[in-house]
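Examining the three-dimensional arrangement
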2 protein chains.
Amino acid sequence: MPIRTGPVVVPTAVIKRLPMYYRYLQVLVDQGLERVSSRELSQLMGITSSQLRQDLSYFGEFGQQGYGYKVTELYQAICEILGIEKQYKTVLVGVGNLGRALINYQGFSRRGLNLKGIFDNNPAIIGENINDFTVRSVEELRPYLQKEAIQIGVITTPASAAQKIADLLIAGGVTGIWNFAPQHINVPEDVIVENTHIGDGLLSLFFKMKHQERLELK
Amino acid sequence: MPIRTGPVVVPTAVIKRLPMYYRYLQVLVDQGLERVSSRELSQLMGITSSQLRQDLSYFGEFGQQGYGYKVTELYQAICEILGIEKQYKTVLVGVGNLGRALINYQGFSRRGLNLKGIFDNNPAIIGENINDFTVRSVEELRPYLQKEAIQIGVITTPASAAQKIADLLIAGGVTGIWNFAPQHINVPEDVIVENTHIGDGLLSLFFKMKHQERLELK
DNA sequence: AATAGATTGTTAAAATATTGACAAAGTAAG
DNA sequence: CTTACTTTGTCAATATTTTAACAATCTATT
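Residues numbered from 1 in each chain as written. Chains lettered and ligands numbered in written order. Predicted model: local features only at pLDDT ≥ 70, side-chain atom pairs only at ≥ 80, totals over all residues. Heavy atoms only, no water.

Moving on, we get to the domain arrangement of chain A. All names here are of chain A. As far as domains go, chain A holds domain 1 (12-84) and domain 2 (87-200). Here the C-alpha centroids of domain 1 and domain 2 sit 31 Å apart. Carbon and sulfur atoms make up 33% of the area that domain 1 and domain 2 hide from each other, which totals about 460 Å². Of all residues in domain 1, the largest losses of buried area upon contact with domain 2 belong to Tyr22, Gln26 and Ile84, amounting jointly to 68% of the total for that side. (Domains from an automatic or database assignment. Buried area = accessible area lost by both parts, 1.4 Å probe.)

Taken together, the 65 residues of chain A in the interface contact 64 residues of chain B. Both faces considered, chain A and chain B share a buried interface measuring about 6,000 Å² in area, 68% of it formed by carbon and sulfur atoms. Counting every contact that joins chain A to chain B gives four salt bridges. Across the contact surface, chain A and chain B share 14 residue pairs in polar contact (both at pLDDT 80 or more). It is helix α9 (residues 198-210) of chain A that provides the largest number of residues to the side of chain A that touches chain B, a total of 13 residues. Grouping the amino acids of the side of chain A that touches chain B by side-chain chemistry returns 35 nonpolar, 16 polar and 14 charged. (Contact = heavy atoms within 4.5 Å. Salt bridge = Lys/Arg side-chain N within 4 Å of Asp/Glu carboxyl O. Polar contact = N/O pair within 3.5 Å; in protein donor to acceptor, adjacent residues only side chain to side chain. Helix = DSSP H or I, 4+ residues; strand = E, 2+ residues; numbered from the N terminus. Nonpolar A, V, L, I, M, F, W, Y, C, P; charged D, E, K, R; others polar.)

All names here are of chain A. One can find Thr90 in strand β4 (residues 88-93). Judged by its relative accessible area of 0%, Thr90 is buried. Not counting residues within four places of it along the chain, the set of residues in contact with Thr90 comprises Leu113, Asn114, Leu115, Lys116, Gly117, Ile150, Ile152 and Val154. (Buried < 20%, exposed > 50% of the residue type's maximum accessible area, 1.4 Å probe, protein only.)

What follows deals with the protein's contact with DNA strand C. If you check the shell around DNA strand C, you find 28 residues, and the closest are Ser38(A), Tyr69(A), Arg17(B), Ser50(B) and Gln54(B). By atom count, sugar and phosphate contribute 59% of the portion of DNA strand C lying within 4 Å of the protein. Taking Ser50(B), its side chain carries an N or O atom lying 2.8 Å from a base nitrogen of DNA strand C. Within the side chain of Gln51(B), one N or O atom sits 3.3 Å away from a phosphate oxygen of DNA strand C. (Near = heavy atom within 4 Å.)

A separate point is the sheet that holds strand β11 (residues 192-195) of chain B. Residues and elements named next belong to chain B. The strand order across the open sheet built from seven strands is β7-β8-β6-β5-β9-β10-β11, with neighbouring strands paired in mixed fashion. Each end of this open sheet is capped by a strand with a single partner; those strands are β7 (129-130) and β11. Bridging between β7 and strand β8 (residues 133-137) involves two bridges; their strand directions are antiparallel. Each bridged residue has a counterpart across the sheet, and for Ile130 the counterpart in β8 is Phe133. Relative to strand β9 (residues 152-155), helix α8 (residues 159-171) is tilted by about 170 degrees, and along the sheet it contacts β5 (88-93), β9 and β10 (176-179). (Pairing = 2+ DSSP bridges. Axes fitted to C-alpha atoms, helices over the stretch in contact; angles between N-to-C directions.)

Turning next to the nonpolar core. One finds Leu41(A), Ile78(A), Ile118(A), Leu41(B) and Ile118(B) to be the most contacted residues of the largest nonpolar core, which totals 107 residues. The residues contacting Ile78(A), other than those within four sequence positions of it, are Leu18(A), Tyr21(A), Tyr22(A), Leu25(A) and Leu56(A). Leu145(B), Ala162(B), Val174(B) and Ile177(B) belong to the second-largest nonpolar core, a separate cluster that totals 19 residues. (Core = buried A, V, L, I, M, F, W, Y, C linked by side-chain atoms within 4.5 Å.)

The next point concerns α8(B). Residue and element names in this part refer to chain B. For α8, every residue scored as buried is listed here: Ala162, Ile165, Ala166, Leu169 and Ile170. Contacts from the buried residues of α8 go to β5, α7 (141-148), β9 and β10. Two residues or fewer past α8, Gly173 is found with a positive phi of approximately 105 degrees.

Quick look at the packing of aromatic side chains now. Following the criterion strictly, the structure yields twelve aromatic pairs over all chains and no others. Arranged with centres 4.7 Å apart and planes meeting at 55 degrees, the rings of Trp178(B) and Phe180(B) form a pair that is tilted. When sorted by exposure, Trp178(B) lands in the same class as Phe180(B), which is buried. In textbook terms, an aromatic cluster arises when at least three aromatic residues are bridged by ring pairs, as seen for Tyr105(A), Phe108(A), Trp178(A) and Phe180(A). For the cation-ring pair, Arg35(A) lies above Tyr67(A), with the distance from its terminal atom to the ring centre recorded as 5.8 Å. (Phe/Tyr/Trp six-rings, centres within 6.5 Å; stacked < 30°, edge-to-face > 60°. Lys NZ or Arg CZ within 6 Å of the ring centre and 35° of its normal.)

The next thing to look at is unusual backbone geometry. At Asn131(A), a position not held by glycine, the phi torsion is positive, near 50 degrees. Mapping Asn131(A) onto the fold places it in the loop between β6 (129-130) and β7 (133-137). On the accessibility criterion, Asn131(A) (42% relative accessible area) is partly exposed. For Asp132(B), which is not a glycine, the phi torsion comes out positive at approximately 80 degrees. Take Asp132(B): it is sitting in the loop between β7 and β8.

A few words now on the protein's contact with DNA strand D. With respect to spatial proximity, 29 residues lie near DNA strand D, and among them Arg17(A), Gln54(A), Ser38(B), Arg53(B) and Gly66(B) are the closest. Sugar and phosphate atoms form 59% of the subset of DNA strand D atoms that lie within 4 Å of the protein. Within the side chain of Thr48(A), one N or O atom sits 3.3 Å away from a phosphate oxygen of DNA strand D. Here a phosphate oxygen of DNA strand D and a backbone polar atom of Phe62(B) are 3.1 Å apart. Contributing elements (two or more residues each) for the surface near DNA strand D: α1 (12-31) and α3 (49-57) of chain A together with α3 (49-57) of chain B. With four residues, the single largest contributor to the surface near DNA strand D is α3(A). In terms of residue class, the surface near DNA strand D is made up of six nonpolar, 17 polar and six charged.

Set out below in structure tokens:
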């Protein structure tokens, strides 16, 4: 494996594809497949084998000429690249339907997210038990964050509460925010925000359906 | 894959940004703002004004020199481009936490999605009322689709059921599928699938947190 | 151990996407 | 009406991303 000298420059386009690699490799691991070539995997994923090999080359050499890739090795490599082994301590704020969906989400723990506590401001659900977690009051959030050294906050509140919760999370020492509220959040430079806008997928579907008959192949 | 809308070929990169334009313009409409310049809007969105103007130019001319854009006009133009006015008839299959979150999702109806029915195979919840909808048995799905001329199906089932439900939807005449199950779905050429992989955002967050200082992101 | 076939990692050419610059065309105000 | 601003839509220069091609090198088979 070549030694990395100086900073490695990874194109954004490659980074955006990493979660997809993770997903497809996980399926192959689950199937117990031992070997896969860039051609096979890329066809499964709907990309070119050239792109797959080029993407991987930014992080090292994971295959063998004439053979391909060992599935579990490649999977573990992708996990490491993504930082999945890290086990970030996490809280979720906003126990509505979306929050509940995430609390019960299998992939949550599978991806190495270590959910420690869940919070809401609705007295009607504070104290309720969901999947082994007890809903706590947002009043307790700030001290809890520091006591437990929480690193990631998931925001599943309505848009109106999002910035206020984000401020609380940051004040408590959180450095990563996964925001589902349809609301732009302002944060200091050293805090990373990942926005997930569920509605965007629907709009893409609309657009493709509307223009379906005029779809042009490259 | 670029999409041809009329005589103009629209780059994929532009299409992917359309939902974002929709989101930000909606906020401005809600705020009652009358006028916005490409510089103002682009700063809000974190893109360049040049890109904003270039993007819009693929669909027509929506602004006025020396003035900018009328917010409601631009918003309506984006809605039309996206096909939001179409009011597609829709069913949702899989009334778990994610399904419930979507059924209650404001943006669902706001984006012109006309939800007609919700389905599940769990006898314990069939007949239950959620936000004015009664949960129906999956047994009834196939005939219901044809009777109501449903066009879009939303899949929020576990991965194991996704392909079976997709087959049912397609057999019933659905031409668009919004799939939340972490499962690749095979469909005929004339059916459009939009996958929303909620877990991907988490992985991106992990990656950015892990490499925040060690990798230079291009 | 030699040969045929497969597949990687890498290079550079081709295709796409983003950006800066600016003429044209408007606004605003005296 | 004129002048000083503002801002669009577009063009072309840059920058980034994707792809095709291929030498190197491994596997599999005889």
